[in-house]
Amino acid sequence: AGQIRKGLDPVRAGTERIAAITKELRTFSRSSAEDPSCVDVGSVIESVPKLMRKELEARARLEVTLTKTAPVLANASRLVQVIMNLLVNALHALPDENTEDNVIWIRTRNEGTNVVIEVADSGPGVPLEDRERIFEPFVTTKGIGEGVGLGLFVCRNIVHGFSGIVTVGDRP
């Protein structure tokens, strides 16, 4: 029985991976069906750490700096999804050792008529050779079974649906 269970582990892992991909694709396919409204970015950002408290506390210190911004035309639940995906990516980028040195920053600011939400971490940064591709579907820098490569793709498409843009920084 133990050998059978051990033999089925790869099947279970593969099934879970397929389920995660399907869930992300369903989420993405529904994103345009929801009407945007005026959303307070600060309120959305303040709600996300509450949803991810345990994961954040276990891996990093979160520093949030919210500048008062104009409301944006978006869907609040989709904006929560974007921020959560970015935080998950930031958590995955941080080293497993010396977690007391890990920091994630969320900042907001106005740039002209644009509202900027920045999520940064104290990890090593995105390698130059990966920066062009990280928003493509199924591209991941994580190991096999650790990520499906849809998080940033979904983020980009949600934000584009709100007439926004998502970029990656050019520094570690």
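Residues numbered from 1 in each chain as written. Predicted model: local features only at pLDDT ≥ 70, side-chain atom pairs only at ≥ 80, totals over all residues. Heavy atoms only, no water.

Asks: An account of the overall build of the protein chain is requested, with residue identities and associated values reported.
Replies: Looking only at helices and strands, the protein chain features six helices and five strands. Across the protein chain, helices and strands are ordered from the amino to the carboxyl terminus as α-β-α-α-β-β-α-β-β-α-α. Out of the 172 residues belonging to the protein chain, those deemed buried represent 30%. At a minimum sequence separation of 6, the contacts of the protein chain that also span at least 24 residues come to 71%. Counting only carbon and sulfur atoms, one obtains 54% of the accessible surface of the protein chain, whose full area is about 11000 Å². (Helix = DSSP H or I, 4+ residues; strand = E, 2+ residues; numbered from the N terminus. Buried < 20%, exposed > 50% of the residue type's maximum accessible area, 1.4 Å probe, protein only. Contact = heavy atoms within 4.5 Å. Areas by Shrake-Rupley, 256 points an atom, 1.4 Å probe, with all protein chains shown as cover.)

Asks: Describe helix α6 (residues 151–161), naming the residues involved and giving the relevant values.
Replies: Burial in α6 covers these residues: L152, F153, V154, C155, I158 and V159. Where α6 terminates, the next one or two residues include S163, which has phi positive at roughly 65°.

Asks: Residue-level account of unusual backbone geometry, with values.
Replies: Within the chain, N98 stands out as a residue other than glycine whose phi angle is a positive 50°. Summarising the element assignment, N98 is placed in the loop between α4 (76–93) and β4 (103–111). One non-glycine residue, S163, lies in the positive phi region at around 65°. As for its position among the elements, S163 is in the segment after α6. Here S163 falls in the exposed class, since its relative accessible area comes to 72%.

Asks: Outline the environment of V80, listing residues and values.
Replies: When you line up the elements, V80 lands in helix α4. Distance in space between the C-alpha atoms of V80 and L51 is 9.7 Å, their sequence separation being 29 residues.

Asks: Could you give an account of the packing of α4 against α6, naming the residues involved and the relevant values?
Replies: It is at 9 Å that the axes of α4 and α6 come closest, and there the two elements cross at 150°. Relative to α6, the element α4 is oriented roughly antiparallel. Crossing of α4 against α6: the hand is left-handed. Touching R78, Q81, V82, N85, L86 and N89 of α4 are G151, L152, V154, C155, I158 and V159, all from α6. (Axes fitted to C-alpha atoms, helices over the stretch in contact; angles between N-to-C directions. Parallel < 35°, antiparallel > 145°, perpendicular 65-115°, else oblique. Left-handed = near helix turned anticlockwise from the far one by under 90°.)

Bear in mind that shape data such as this cannot, by itself, settle questions of function.
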